[in-house]
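What follows is the residue order along each chain.
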Amino acid sequence: MGNDTLDVLICGGGLAGLTCALQLRHAMPDLRVTVVEAQARPLPVACHKVGESSVELGTHYLAEVLGLGEYLRREHLPKNGLRFFVGPPDTPIAERTEIGPVESPTVPSFQMDRGKLETDLRRMVEDAGVTLLEGAKVVGLTLGEGGELHVARIVMPDGAERQLTARWLFDAAGRRRLIQRELDMAREGKPVASSAWFRIHEKLEVGALVPEHERRWHARDVDHTRWLSTNHLMGPGYWVWLIPLSTGYTSIGIVTDHLHHDPSSYGRKDKALAWIAEHEPALSRWLSTRELEDFKLLRHYSAASERVFSGKDRWACLGESGQFLDPLYSPGTDFVANFNCVATRLVREDRAGTSTPELADELIDMLTGWTDDCLRTVGDNGVYFGRAEVFAPKLWWDFTHYWDCACSYFFNRGYELDLEDHRRVRGAVEQLFRLNEQAQDLFDSWAELGASDQQRRKAFVGLPPYPGFLTDRHLALAKPALGDALRPRLEEHIALQRSVLQELFLRALTELGEARALGDSMRSAGWRPHLSAERIACEQLPRDERLEHISSYARDMDRAFGRARGDGTPLSTLLTLAGFHVDRGASTPKRTRPST
Amino acid sequence: MTRDEILKNVVEILADSFELDPEEIKPESTLYEELGLDSIDAVDIFVQLRELTGRRPDPDVAREIRTVEELVSFVESELAAAAAGEPEPELPPPGAGT
């Protein structure tokens, strides 16, 4: 390889490209890495890019894998989890169900000002010895197949053209999708949804949108930290995010699905304000005396692809250049993390002469699996946004699935396992994926078969309940299960998730009463329960005796959502109607004392 | 809020959260023996009481409470403390050490 040949060329110096460059240099301090980025510094703070909120996996990547924990704590805002205000149309915020953490989460996540973050990252990659070509544009790519090198034509800021050759080529140029276009693999993605966003140069307390006389609503926020959550104002087919930034700005965005809303109805500043006045009047009143800075519309933002990674030909599409699913649950940084770690591993193995096509395929298959799993979780969600009675249980499941599956794998460096161990771990992960598909089928049926019931609205759903099972699932992330310990840990999670799904099914069955239809849909999802007679019979017992027979997570669901209530039909009858049998092997619980 | 209003709110919270008959809940009822509650229920009661008081309770004070009447007195003194602008007890962050 000649001296002019780079080990890695990264096209695009946003979050994905810069973090990848940093990680590569940390792993291989003498690696020749160049990043080509069209936009020169200074970058605008706040109004630079959307995607400010990180969740646990991506945060772990930035804080622990890249070692930016102290930087994030110092320069950005700690995030107080995800908080949702869910209700039917035209409902004041205080009259919707608030779903959010009871206590500030221990496992960290952040609200990051992207302009500030990327400015600081540029400095960090230069300090780490990466060549950063700013103000330079990629005008042509020739992908080298087999053993050949990749060639990129670059126009420098002075107009001069340069040619760069590299062994590995990573596209991190976002929606320009350089490699996807070159190879003609770009496809329109699912879900079909759109988004528009802007910033206000002021801190927005979500409490400022709720009248003072709603004393209970305000009093609930004892620590005055509600504003540090990613706050979601939700209604049928839409949600609006409110994200605070350390630079004193608030990011505000509208996300809609195509079934309920036409993006043209909010595609310009004035239209967006009119849209907000119609759907979120309290926010509209707050905005009326303030100026919107920056405004962007992204129509049908989902992007998919036939292929986003080639180990054999040594190229990959990182960040949004490969695919983008949905901003719900802020998964952007997670995708960056997963892809960058696999990219770094494959470059390292390639350099050491230890790479095999099997290993590359194995790791890339895992990435594809994550993407499909995430899509199943966040795709076509519009139906839930106004419906707390289904959305809250779905959130419960989505949190535990995320922590027990994607986060457990990533926090324990699953992507560093050798081929055979990784195959075994992937076997376990795929069982968790399968359970997620069945759970999502359950929620789809729950939403379809049930009707919104505002009469029984709960004012506040503490999620996760503290202390409790779900909080423990979250805290378990801090307990390492590296190497050989990962697979047994995931096996435990499979058993737990199976039982959690079963409890969610019982809840849906009780509340819906549509036993036959629900049973049919779960059967066609390939699911069936393994219920003991004891579990079913204890539903008839007084509360304190029942609590002795149900699991901690079943109790926590009652704590969060309230006891499931139906039309009084016994659960055993509903199960029979649903076509499911109860295991008679277990004994029926006896009353331990006469009921009073 | 008068003492009667606080009692009404407390009874409502207990009845809604723990499947209790409001008629059964008397000021002198003991939470753990007569109403059959346990320590997790107690945590949930104090989370719910935040909506009345707007404050975090001192766990040492909360632990001593045994009857519905004592819960009412607790809310009353929290409201008085809030009105007087008394600072909340210094507490370790939740989840610390876990």
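Computed from a predicted structure; not experimentally measured.

Observations concerning the overall build of chain B
Right, on to step 1. Each helix and strand counted, chain B has four helices and zero strands in total.
Right, on to step 2. Secondary structure elements of chain B occur, N-terminal to C-terminal, as α-α-α-α.
Right, on to step 3. Taken over C-alpha atoms, the radius of gyration comes to 14 Å for chain B, in line with the 13 Å a tight globule of 98 residues would show.
Right, on to step 4. The principal-axis extent of the C-alpha atoms belonging to chain B is close to 35 × 35 × 20 Å.
Right, on to step 5. In chain B, of all internal contacts separated by at least 6 residues, the share reaching a separation of at least 24 is 64%.
Right, on to step 6. Side chains of chain B give 8 positive and 25 negative charges; the mean places of these two sets differ by 4 Å.

Quick word on the interface of chain A and chain B
Right, on to step 1. Between chain A and chain B, the contact holds 18 residues from the first and 22 residues from the second.
Right, on to step 2. Of the charged contacts in the structure, one is a salt bridge between B:R56 and A:E103, with a shortest N-O distance of 2.4 Å.
Right, on to step 3. The tally of links between chain A and chain B comes to 11 residue pairs in polar contact (both at pLDDT 80 or more).
Right, on to step 4. Listing elements by their share of the side of chain A that touches chain B, those giving two or more residues are α6 (215-219), α17 (543-549) and α18 (552-561) of chain A.
Right, on to step 5. Among the elements that line the side of chain A that touches chain B, the one with the most residues is α6(A), at three residues.
Right, on to step 6. Split by residue class, the side of chain A that touches chain B holds seven nonpolar, one polar and 10 charged.

As for the packing of helix α11 (residues 388-411) of chain A against helix α14 (residues 486-512) of chain A
All names here are of chain A.
Right, on to step 1. Running from N to C, α11 and α14 point in directions that differ by 170°, and their axes come no closer than 10 Å. Classified by the angle between their axes, α11 and α14 sit roughly antiparallel to one another. For the pair formed by α11 and α14, the contact residues are P393, W396, W397, T400, H401, D404, S408 and Y409 on the first element and L486, L490, H493, Q497, V500, L501 and L504 on the second.
Right, on to step 2. Tallied by class, the residues present in the contact of α11 with α14 amount to nine nonpolar, five polar and one charged.

Looking at the environment of A:V139
Residues and elements named next belong to chain A.
Right, on to step 1. Looking at where V139 falls in the secondary structure, it is placed in strand β8 (residues 137-142).
Right, on to step 2. Among the residues examined, V139 registers a relative accessible area of 43% and is labelled partly exposed.
Right, on to step 3. Residues V139 and L6, 133 residues apart in the sequence, show an inter-C-alpha distance of 18 Å.
Right, on to step 4. When residues no more than four places from it in sequence are discounted, the contact partners of V139 are R153, I154 and V155.

Section: unusual backbone geometry
Right, on to step 1. The linkage connecting A:L463 with the following residue, A:P464, adopts the cis geometry, with an omega of 0°.
Right, on to step 2. Here A:Y466 and A:P467 are connected by a cis peptide whose omega angle stands at -10°.
Right, on to step 3. Within the secondary structure, A:P467 is located in the loop between β20 (460-462) and α13 (469-475).
Right, on to step 4. Non-glycine residue A:D294 carries a positive phi angle of around 65°.
Right, on to step 5. As for its position among the elements, A:D294 is in strand β16 (residues 293-298).
Right, on to step 6. Look at B:E19: it is not a glycine, yet its phi comes out positive at around 55°.

Structural notes on the nonpolar core
All names here are of chain A.
Right, on to step 1. Of all hydrophobic cores here, the largest spans 163 residues; its most connected members are I10, L24, F84, F170, F309, W396 and F505.
Right, on to step 2. Considering every element that reaches this core, the biggest residue donor is α11, with 16 residues.
Right, on to step 3. Discounting chain neighbours no more than four positions away, the residues touching W396 are L463, P465, F469, L470, V500, Y553, D556, M557, A560 and F561.
Right, on to step 4. In terms of nonpolar packing, the next biggest core, distinct from the first, is built from 26 residues, I93, L242, I276 and W286 among them.

Looking at the pairing of strand β10 (residues 161-171) of chain A
Here is the key point about a regular strand: its side chains alternate between the two faces of the sheet.
Residues and elements named next belong to chain A.
Right, on to step 1. Of the pairings in the sheet, the one linking strand β1 (residues 6-11) to β10 comprises five bridges and is parallel in character. Residue pairing across strands places L9 opposite L169, the latter belonging to β10.
Right, on to step 2. Bridge count between strand β9 (residues 150-155) and β10: six bridges; the pairing is antiparallel. For H150, the partnering residue across the bridge sits in β10 and is A166.
Right, on to step 3. In sequence, β9 turns back onto β10 through a hairpin of five residues, with G159 there showing a positive phi of about 95°.
Right, on to step 4. Of the strand pairs in this sheet, β10 and strand β19 (residues 315-317) are connected by three bridges, and their pairing is parallel.

Some points on helix α2 (residues 56-65) of chain A
Spacing of three or four residues puts side chains on the same side of an α-helix, whose turn is 3.6 residues.
Residue and element names in this part refer to chain A.
Right, on to step 1. For α2, a buried count of eight out of 10 residues is recorded, marking the element as mostly surrounded by other parts of the structure.
Right, on to step 2. Turning to α2, its buried residues are E56, L57, G58, T59, H60, Y61, L62 and A63.
Right, on to step 3. One or two residues past the end of α2 sits G67, with phi positive at roughly 75°.

Structural notes on the side chain of A:E362
Residue and element names in this part refer to chain A.
Right, on to step 1. Of note, E362 is situated in helix α10 (residues 357-378).
Right, on to step 2. Overall, the relative accessible area of 3% leaves E362 in the buried class.
Right, on to step 3. One polar contact links E362 to H422, side chain to side chain, over a distance of 2.7 Å.
Right, on to step 4. Not counting chain neighbours up to four residues away, the residues in contact with E362 comprise L419, H422, R423 and R426.

Focus on the sheet that holds strand β14 (residues 238-244) of chain A
All names here are of chain A.
Right, on to step 1. Here we have eight strands laid out as an open sheet, ordered β16-β12-β15-β14-β13-β4-β5-β20, and mixed in their pairing. Bordering the open sheet on either side are β16 and β20, each of which pairs with just one other strand. Across the sheet, the axes of successive neighbouring strands diverge by a mean angle of 15°, strand direction being ignored.
Right, on to step 2. Bridge count for strand β12 (residues 193-200) against strand β15 (residues 250-257) is eight bridges, and the pairing is antiparallel.

A few points about the packing of aromatic side chains
Residues and elements named next belong to chain A.
Right, on to step 1. Considering all chains together, one arrives at 24 aromatic pairs over all chains under this definition.
Right, on to step 2. Centre to centre, the rings of F309 and F339 are 6.4 Å apart; their planes meet at 25°, and the pair counts as stacked. Pair noted here: F309 is in strand β18 (residues 309-310) and F339 is in helix α9 (residues 332-352), with a separation of 30 residues, a long-range link. Pair check on accessibility: F309 and F339 agree, each one buried.
Right, on to step 3. Ring plane angle 25° and centroid distance 6.4 Å describe the contact between F335 and F339, whose orientation is recorded as stacked. Note that F335 and F339 are positioned in helix α9 at a spacing of four residues, about one turn of the helix.
Right, on to step 4. The class for F335 is buried, based on a relative accessible area of 14%.
Right, on to step 5. On the basis of relative accessibility, which here comes to 4%, the residue F339 falls in the buried class.
Right, on to step 6. Positioned above the aromatic ring of W227, the side-chain terminus of K203 is 4.0 Å from the ring centre.

Describing the pattern of salt bridges
Right, on to step 1. Enumeration over the complete set of coordinates arrives at 63 salt bridges over all chains.
Right, on to step 2. Here A:D520 ties to A:R523 by a salt bridge, and the two come within 2.9 Å at their closest N and O atoms. Here A:D520 pairs with A:R523, and both are found in helix α15 (residues 515-524), just three residues apart, close to one helical turn.
Right, on to step 3. The partly exposed category is assigned to A:R523, whose relative accessible area is 37%.
Right, on to step 4. Several salt bridges converge on common partners, so that one network encompasses A:E503, A:R507, A:R535, A:E539, A:R546, A:D558, A:R563 and B:E19.

Rules and cut-offs
Residues numbered from 1 in each chain as written. Chains lettered and ligands numbered in written order. Predicted model: local features only at pLDDT ≥ 70, side-chain atom pairs only at ≥ 80, totals over all residues. Heavy atoms only, no water. Helix = DSSP H or I, 4+ residues; strand = E, 2+ residues; numbered from the N terminus. Rg over C-alpha atoms; globule rule 2.2 N^0.38 Å. Contact = heavy atoms within 4.5 Å. Lys, Arg positive; Asp, Glu negative; His and termini not counted. Charge placed at Lys NZ, Arg CZ, Asp CG, Glu CD. Salt bridge = Lys/Arg side-chain N within 4 Å of Asp/Glu carboxyl O. Polar contact = N/O pair within 3.5 Å; in protein donor to acceptor, adjacent residues only side chain to side chain. Nonpolar A, V, L, I, M, F, W, Y, C, P; charged D, E, K, R; others polar. Axes fitted to C-alpha atoms, helices over the stretch in contact; angles between N-to-C directions. Parallel < 35°, antiparallel > 145°, perpendicular 65-115°, else oblique. Buried < 20%, exposed > 50% of the residue type's maximum accessible area, 1.4 Å probe, protein only. Core = buried A, V, L, I, M, F, W, Y, C linked by side-chain atoms within 4.5 Å. Pairing = 2+ DSSP bridges. Phe/Tyr/Trp six-rings, centres within 6.5 Å; stacked < 30°, edge-to-face > 60°. Lys NZ or Arg CZ within 6 Å of the ring centre and 35° of its normal.

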